Amino acid sequence: RYVGLNTANGAVLDALGNLQTIDSQNGAIAYRHVWGGGWRSSLIYSAIEVDNDASLTGTGVTQRTNSFQANLLYSPTAKATFGVGLLNATRQLYSNTEGDMTRLIFTAKYAF
C-alpha cells in the first residue's frame, strides 16, 4: 500500500544518469471479526522501511512509516454497507523530521 501510494520511490538517477534501485521492506497484517447480524470489524497494522541513499535522494524522503486502523462495518443488506473507522499513522524522513495523523473515516457503499 505505501509503495502504491508513492511513499517510497523504486529508483533514483545518479550523477551519471544511471538508475539506482531503492530497496524497501513492507508488510501488513489484518484481523477481521464477524460479529453477526450484518456487523463486522477489522484491526490492521502496516509498515514500510525504505533504504534510500541520502546522497542521491536528499534527506526529505521517507525512511519509515506505519499505520494502525480499526473499523466497524454494518451491512443491512447484501448490497449496502456503512462503516466508521479510525486511522493513526506516523512517518519519519531521513532528516529525522517526524509527523503523525489521526483520521476518523466514514464510508457508505452500494453494490449495483
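Residues numbered from 1 in each chain as written. Predicted model: local features only at pLDDT ≥ 70, side-chain atom pairs only at ≥ 80, totals over all residues. Heavy atoms only, no water.

A.B. asks: Just to check I follow, could you spell out the overall build of the chain for this structure?
C.D. replies: Check the secondary structure of the chain and you find one helix and seven strands. Starting at the N terminus, the α and β elements of the chain follow one another as β-β-β-β-α-β-β-β. Scaling as 2.2 N^0.38, a compact globule of 112 residues should have a C-alpha radius of gyration of about 13 Å, whereas the chain reaches 19 Å, well beyond that. For the chain, the residues scored as buried account for 25% of the 112 residues in total. For the chain, the share of sequence-separated contacts (at least 6 apart) that also reach a separation of at least 24 residues comes to 45%. For the chain, the exposed surface amounts to about 7600 Å²; the carbon and sulfur share of it is 57%. Mean positive and mean negative side-chain charge positions of the chain (8 and 7 charges, respectively) differ by 24 Å. (Helix = DSSP H or I, 4+ residues; strand = E, 2+ residues; numbered from the N terminus. Rg over C-alpha atoms; globule rule 2.2 N^0.38 Å. Buried < 20%, exposed > 50% of the residue type's maximum accessible area, 1.4 Å probe, protein only. Contact = heavy atoms within 4.5 Å. Areas by Shrake-Rupley, 256 points an atom, 1.4 Å probe, with all protein chains shown as cover. Lys, Arg positive; Asp, Glu negative; His and termini not counted. Charge placed at Lys NZ, Arg CZ, Asp CG, Glu CD.)

A.B. asks: Help me understand the sheet that holds strand β5 (residues 62–74), please; the structure alone is not making it clear to me.
C.D. replies: In a beta sheet, neighbouring strands are held together by backbone hydrogen bonds and run either parallel or antiparallel to one another. As summarised here, the arrangement of the five strands in space is β3-β4-β5-β6-β7, forming an open sheet in which the pairing is antiparallel. Looking along the sheet, the strands with just one partner apiece sit at the ends: β3 (23–36) and β7 (98–110). Neighbouring strand axes in the sheet, compared pairwise and without regard to direction, differ in orientation by 10° on average. Judged from the 13 bridges that link them, strand β6 (residues 80–93) and β7 form a sheet pairing that is antiparallel. Considered in β7, the bridge of Leu-87 is made with Arg-103. (Pairing = 2+ DSSP bridges. Axes fitted to C-alpha atoms, helices over the stretch in contact; angles between N-to-C directions.)

A.B. asks: Please explain the side chain of Asp-14 as it appears in this structure.
C.D. replies: Note on placement: Asp-14 falls in the loop between β1 (11–13) and β2 (19–21). With no salt bridge to any partner, buried Asp-14 finds its closest opposite charge in Arg-91, at an N-O distance of 22 Å. (Salt bridge = Lys/Arg side-chain N within 4 Å of Asp/Glu carboxyl O.)

A.B. asks: Sorry if this is basic, but what is going on with the side chain of Thr-62 here?
C.D. replies: Checked against the element boundaries, Thr-62 lands in strand β5. Judged by relative accessible area, Thr-62 falls into the buried class, the value being 1%. Polar side-chain contacts of Thr-62 include one of 3.0 Å to the backbone oxygen of Thr-7. There is a polar contact of 2.8 Å between the side chain of Thr-62 and the side chain of Arg-91. The contact partners of Thr-62, leaving out residues within four places of it in the chain, are Thr-7, Val-50, Asn-52, Arg-91, Gln-92, Leu-93 and Tyr-94. (Polar contact = N/O pair within 3.5 Å; in protein donor to acceptor, adjacent residues only side chain to side chain.)

A.B. asks: Is there a simple way to think about a nonpolar patch on the surface in this case?
C.D. replies: A cluster of nonpolar side chains, namely Trp-35, Trp-39, Leu-72, Val-84, Leu-86, Leu-104 and Phe-106, defines an oily patch on the protein surface of about 750 Å² accessible area. Taken together, the elements giving at least two residues each to the nonpolar patch come down to β6 and β7. Within the fold, Leu-86 resides in strand β6. We classify Leu-86 as partly exposed; its relative accessible area is 46%. (Patch = residues over 30% accessible without salt bridge, like charges linked within 9 Å, V, L, I, M, F, W, Y side chains within 5 Å.)

A.B. asks: Looking at this model, I keep getting lost on the packing of aromatic side chains. Mind explaining?
C.D. replies: Any two aromatic rings considered together are summarised by their centre-to-centre distance and by the angle between their planes. Throughout the structure, instances matching the rule amount to three aromatic pairs. Geometrically, the ring pair formed by Tyr-45 and Phe-68 is tilted, given 4.8 Å between the ring centres and 45° between the ring planes. Of the two residues, Tyr-45 is situated in strand β4 (residues 39–51) and Phe-68 in strand β5; the sequence distance between them amounts to 23 residues. A relative accessible area of 32% means that Tyr-45 is categorised as partly exposed. Judged by relative accessible area, which is 47%, Phe-68 ranks as partly exposed. Between Tyr-110 and Phe-112 the ring centres are 5.3 Å apart and the planes differ by 80°, which places this aromatic pair in the edge-to-face class. (Phe/Tyr/Trp six-rings, centres within 6.5 Å; stacked < 30°, edge-to-face > 60°.)

Read these as layout, nothing more, since geometry by itself doesn't imply function.
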